[in-house]
Amino acid sequence: MKIAVIDTGFVKGHSQIDYSRVVEVNIRDEFAEEDVIGHGTAIISLYQKKFPDAYIYSFKVFNEFETRIELLIEALEYIYHNLDVDLINFSIGVHTNHEKLEELCEKLVKKNVVLIAAFDNNGYLSFPASYNSVIGVSNSELITNINEYIYVEDSPINILGYSKAQVVDWLNDKKEVVGNSFILPYIAQHIFKSNDKKNTIQSKLKNNAKKVISFKENMGIVEFLEKRKKFLNNVKKVVLFPVNKEVINLLDNQINLPFTVQGIYDYRFSRRLNKNFSEISYKDTDSFMITSITRLDWKSDFDTFILGHIDNFIMHLKQNIFEEIIDKCLFYKKNLIIFDEVSIDKYRKRFNENGCFIYTPNLSKDISLNLFGELWYNSVPTICVGGTSSKQGKFSLQMKLRNEFINLGYNIGQIGTEPNSELLGFDYAYPNGYGTSKIFSDSEDIMFINQLVHSLQDRELIIIGTQSNLVPFSQEHINLIPLLPRNIIIGSQSDVMILCINPSDDIEYIRKTIAYVESFHDVFVLGLVLFPLIKRVDSISGEYIEKKLSYYELKKTAILIREQIHKPVYINGFDIKDLVQECISFFSGRSK
């Protein structure tokens, strides 16, 4: 048997190593010296104990405690072209995927070489351990015997092994160590010392495992969202009902819609009826008359009915408007998009039989969480849009940033927390605002967001946003503590925050929010974006009052805030180009 160990090399003159069966391979002169760390010596010693007749090729790719991706690639290229080995052992890995590294792993597997790699000990999902062609090994506290392991199906993590300390040979002595790489020789033993000649490596590992965990029954979140989203390609002509925030967002951003809007409808008792949509929008939009839903011609040529959030009191009227719309869509063969959190499973078959579809952006509890708490490293520059309150234009700001960056030629990845995000061209919708309940734990939210961000690693920039405020105004009720925004920032591993603020915000609260973001999350607050409305509740009447400030008033307010906070302040709707240039300058400076 022949084994290639890619590690820190080995120390010469060690009493526990049979040097007649170890070959040193120097891929660069700078690595000609012997092991000064001890890690590679320990791994080679373990392999010689497990496979005393094996020949081991030792590749040193570490300089002190650092390695580089090109060194891994050079080692694999040398093996591929010059050696005939049975096993390659990676004690190390990198946090970002590299096509050349993955391609070499796949080519070696085609030569019947077994590749086994340790995942990052700190919890990041690393490469090459994450590749399908490699047996990736992590650990679990459930395993208390070093010779046992858990086999995992449908996960980048294939093996969960021993998590406790073991004593190994180290330079000129012995040392107690903990780490995934020290499990690898034990897993290799299960593969190569099995008498089973008929089964595949995966079958051998599965048969010898103490326990098998399978995620085959449920889809991962990226697969789930991609499958759900494909129906939207069939949407060409839509009608919208009722008039609310999500519907207004769609109409305000028609330039981003891949379909045309045929009409806008509202409740038959709405005060908006017979008004032009431009009267309730802050944007210059196409002219649409708001019409009663009772006047909708279901025989007209629209193909999709978009049903926005329905107010609770409407849902409890004797007339079941939701079921009525379902029946109409089925009868007239119209697609149905629903923003409210309702179960659509019982309707899906009937829509399919009618040649149409029913879609909701809301998530399913059946989504597979198959990474055991380990997270992907985000290497793409990421902007998070947060705020000091709800209703301050965070989503519209994300749309403006999106359009401006795309106009400049950037390849953007985007995740939205509004239910209409995918309709507006975002890669994924992860709704967690009004009308959605929290179905995942905080740790699940973090991991799901992290997986979505990982799927966008081929982009030049990622934009994501949060809902509501970031710092609690009080701690009197759990609903007042903004946990979801925290989870989004952590899961996305954002680099910068663009903080939306109100003209009436307390300066100390803005300072507190910035301090929280930059200390707890280690995310730099690049700038503040001032919302153009001032909102207050009349102390006498209790009436909620909104007033749009003039540009002069906004500019004056922005200057006052900038002088106190010492951060640039931009005005939403006016300074977007300047904000985008500030983002470009920040990331360009960081990459130098």
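Because the structure is a prediction, the values reported are computed rather than measured. All residue numbers refer to positions counted from 1 along the written sequence of the respective chain. Where totals are concerned, whole chains, interfaces and linings use all residues; where local detail is concerned, this predicted model gives features only for residues with pLDDT of at least 70, and gives and counts side-chain atom pairs only at 80 or more. With hydrogens and water stripped out, all remaining heavy atoms of the structure feed into the side-chain values.

1. A look at the overall build of the protein
Turning to step 1, where the next piece is worked out: A count of helices and strands for the protein gives 16 helices and 28 strands.
Turning to step 2, where the next piece is worked out: With the C-alpha coordinates aligned to their principal axes, the bounding extent of the protein is approximately 90 × 60 × 45 Å.
Turning to step 3, where the next piece is worked out: What makes two residues a contact is simply this: any of their non-hydrogen atoms within 4.5 Å. Here the analysis covers contacts within the protein between residues at least 6 apart in sequence; of these, 72% occur between residues at least 24 apart.
Turning to step 4, where the next piece is worked out: Note that accessible areas follow from Shrake-Rupley with a 1.4 Å probe, and for residues the cover is restricted to the protein chains shown. Here the protein displays about 27,700 Å² of accessible surface, and carbon together with sulfur accounts for 48% of that area. Counting from the N terminus, the helices are DSSP H or I runs at least four residues long and the strands are E runs at least two residues long.

2. Brief notes about helix α12 (residues 442-454)
Turning to step 1, where the next piece is worked out: By definition here, a helix of n residues has an expected span of 1.5 Å times n minus one. Between the first and last C-alpha of α12 there are 18 Å, a value that for 13 residues agrees with the 18 Å anticipated at 1.5 Å per step.
Turning to step 2, where the next piece is worked out: Of all 13 residues in α12, 10 are buried; the element is thus mostly enclosed.
Turning to step 3, where the next piece is worked out: Those residues of α12 not exposed but buried are Glu-444, Asp-445, Ile-446, Met-447, Phe-448, Ile-449, Asn-450, Gln-451, Leu-452 and Val-453.
Turning to step 4, where the next piece is worked out: For α12, the secondary structure elements touched by its buried residues are α6 (221-229), β19 (375-376), β21 (412-416), β22 (428-429), β23 (461-465) and α13 (483-492). Note on classification: 1.4 Å probe, protein chains only; a residue is buried when its accessible area is under 20% of the maximum for its type, exposed when over 50%, partly exposed between these limits.

3. Topic: unusual backbone geometry
Turning to step 1, where the next piece is worked out: Following Phe-127, the chain continues to Pro-128 via a peptide bond in cis, the omega torsion being 15 degrees.
Turning to step 2, where the next piece is worked out: Relative to the helices and strands, Pro-128 is located in the loop between β6 (124-125) and β7 (135-139).
Turning to step 3, where the next piece is worked out: The residue after Phe-241, namely Pro-242, is reached through a cis peptide bond having omega -15 degrees.
Turning to step 4, where the next piece is worked out: Notably, Asp-154 is not glycine yet its phi reads approximately 60 degrees, a positive angle.
Turning to step 5, where the next piece is worked out: Position of Asp-154 among the secondary structure elements: in the loop between β8 (150-153) and β9 (159-161).
Turning to step 6, where the next piece is worked out: Non-glycine residue Lys-391 carries a positive phi angle of around 50 degrees.
Turning to step 7, where the next piece is worked out: Locating Lys-391 in the fold gives a position in the loop between β20 (382-387) and α11 (394-407).

4. Describing the environment of Val-517
Turning to step 1, where the next piece is worked out: Within the element layout of this structure, Val-517 appears in helix α14 (residues 507-520).
Turning to step 2, where the next piece is worked out: The buried category is assigned to Val-517, whose relative accessible area is 1%.
Turning to step 3, where the next piece is worked out: For the pair Val-517 and Arg-486, spaced 31 residues apart in the sequence, the C-alpha separation amounts to 9.1 Å.
Turning to step 4, where the next piece is worked out: With near-sequence residues (within four places) excluded, Val-517 lies in contact with Leu-470, Met-497, Asp-522, Val-523 and Val-525.

5. Brief notes about the sheet that holds strand β17 (residues 335-338)
Paired through their backbone hydrogen bonds, the strands of a sheet run either parallel or antiparallel.
Turning to step 1, where the next piece is worked out: At least two DSSP bridges between two strands are needed for those strands to be called paired. The strand order across the open sheet built from 6 strands is β15-β14-β13-β16-β17-β18, with neighbouring strands paired in parallel fashion. Each edge of the open sheet carries a strand with a single partner, namely β15 (290-292) and β18 (358-359).
Turning to step 2, where the next piece is worked out: In this structure, β17 lies alongside β18, joined through 2 bridges in parallel fashion. Bridge pairing in β18 places Leu-336 opposite Ile-358.
Turning to step 3, where the next piece is worked out: With respect to the sheet, helix α9 (residues 321-331) is in contact with β13 (237-241), β16 (304-307), β17 and β18, its orientation differing from that of β17 by roughly 150 degrees. Simply put, an axis is a line fit to the C-alpha atoms, just over the touching stretch for a helix, and the angle between two N-to-C directions goes from 0 to 180 degrees.

6. Re the nonpolar core
Turning to step 1, where the next piece is worked out: Side-chain atoms within 4.5 Å link the members of a nonpolar core, which is a set of buried Ala, Val, Leu, Ile, Met, Phe, Trp, Tyr and Cys residues. Counting residues in each nonpolar core, the largest one holds 81 residues, and the members touching the most others are Ile-6, Tyr-47, Phe-59, Leu-76, Ile-79 and Ile-88.
Turning to step 2, where the next piece is worked out: Ranked by the residues each element gives to this core, the list is headed by helix α2 (residues 69-82), at 7 residues.
Turning to step 3, where the next piece is worked out: If sequence neighbours within four positions are ignored, Tyr-47 has contacts with Ile-3, Val-5, Pro-52, Ile-56, Leu-87, Asn-89, Ile-116, Leu-184, Pro-185 and Ala-188.

7. Considerations on the packing of α12 against α13
Turning to step 1, where the next piece is worked out: Taken N-terminus to C-terminus, the directions of α12 and α13 make an angle of 40 degrees; their axes are 8 Å apart at the nearest point. For the element pair α12 / α13, the angle class is oblique. Every pair of crossing elements has a handedness; the one defined by α12 and α13 is right-handed. Packed against α12, whose contacting residues are Asp-442, Asp-445, Ile-446, Ile-449, Asn-450 and Val-453, the element α13 presents Leu-483, Leu-484, Arg-486, Asn-487, Ile-488, Ile-490, Gly-491 and Ser-492 at the interface.
Turning to step 2, where the next piece is worked out: For this classification, Asp, Glu, Lys and Arg are treated as charged, while Ala, Val, Leu, Ile, Met, Phe, Trp, Tyr, Cys and Pro are nonpolar and the rest, including Gly, are polar. The residue inventory of the contact of α12 with α13, partitioned by class, reads 7 nonpolar, 4 polar and 3 charged. To sort the angles, those under 35 degrees are grouped as roughly parallel, those over 145 as roughly antiparallel, those from 65 to 115 as roughly perpendicular, and the leftovers as oblique. Here a crossing is called left-handed whenever its near helix is offset anticlockwise from the far helix by less than a right angle, and right-handed whenever the offset is clockwise.

8. A few points about the state of the cysteines
Turning to step 1, where the next piece is worked out: For the purposes of this analysis, a disulfide is any pair of cysteine sulfur atoms at a distance within 2.5 Å. Counted under the stated rule, the structure contains 0 disulfides.
Turning to step 2, where the next piece is worked out: Free of any disulfide, Cys-384 has its nearest neighbouring cysteine sulfur in Cys-500, separated by 9.9 Å.
Turning to step 3, where the next piece is worked out: Accessibility expressed as a relative area gives 0% for Cys-384, which makes it buried.

9. Here we look at the pattern of salt bridges
Turning to step 1, where the next piece is worked out: What makes a salt bridge here is a side-chain nitrogen of Lys or Arg within 4 Å of a carboxyl oxygen of Asp or Glu, nothing more. Enumeration according to the criterion identifies 22 salt bridges in this entry.
Turning to step 2, where the next piece is worked out: The shortest N-O distance in the salt bridge between Lys-216 and Glu-153 comes to 3.8 Å. Of the two residues, Lys-216 is situated in the loop between β12 (211-214) and α6 and Glu-153 in strand β8; the sequence distance between them amounts to 63 residues.
Turning to step 3, where the next piece is worked out: What makes Lys-216 exposed here is its relative accessible area of 54%.

10. Side note on the packing of aromatic side chains
The relation between two aromatic rings is expressed through the spacing of the ring centres and the mutual angle of the planes.
Turning to step 1, where the next piece is worked out: In this scheme Phe, Tyr and Trp rings, the latter by its six-membered ring, pair at centre separations within 6.5 Å, and the angle between planes marks the pair as stacked below 30 degrees, edge-to-face above 60, and tilted otherwise. All chains considered together, the criterion is met by 26 aromatic pairs.
Turning to step 2, where the next piece is worked out: Each ring, one from Trp-298 and one from Tyr-332, has its centre 6.1 Å from the other, and the planes form 20 degrees; the classification is stacked. A residue pair is termed long-range when its members are at least 10 positions apart, and Trp-298 in the loop between β15 and β16 and Tyr-332 in the loop between α9 and β17 qualify at 34 residues.
Turning to step 3, where the next piece is worked out: Taking relative accessible area as the criterion, Trp-298 reaches 9% and is therefore assigned buried.

11. Description of the environment of Asp-505
Turning to step 1, where the next piece is worked out: Its place among the elements puts Asp-505 in the loop between β24 (496-501) and α14.
Turning to step 2, where the next piece is worked out: Owing to a relative accessible area of 17%, Asp-505 belongs among the buried residues under this scheme.
Turning to step 3, where the next piece is worked out: Here the alpha-carbon distance between Asp-505 and Ser-492, two residues 13 residues apart in the chain, equals 27 Å.
Turning to step 4, where the next piece is worked out: Beyond its immediate chain neighbours, meaning those up to four positions away, Asp-505 contacts Thr-388 and Ile-510.

12. Here we look at the environment of Met-289
Turning to step 1, where the next piece is worked out: Mapping Met-289 onto the fold places it in the loop between β14 (260-266) and β15.
Turning to step 2, where the next piece is worked out: Distance from Met-289 to Val-580, taken between C-alpha atoms, is 35 Å for residues 291 residues apart in sequence.
Turning to step 3, where the next piece is worked out: Contact partners of Met-289, with chain neighbours within four places excluded, come to Ile-264, Asn-274, Lys-275 and Asn-276.

By themselves these figures say nothing about function.
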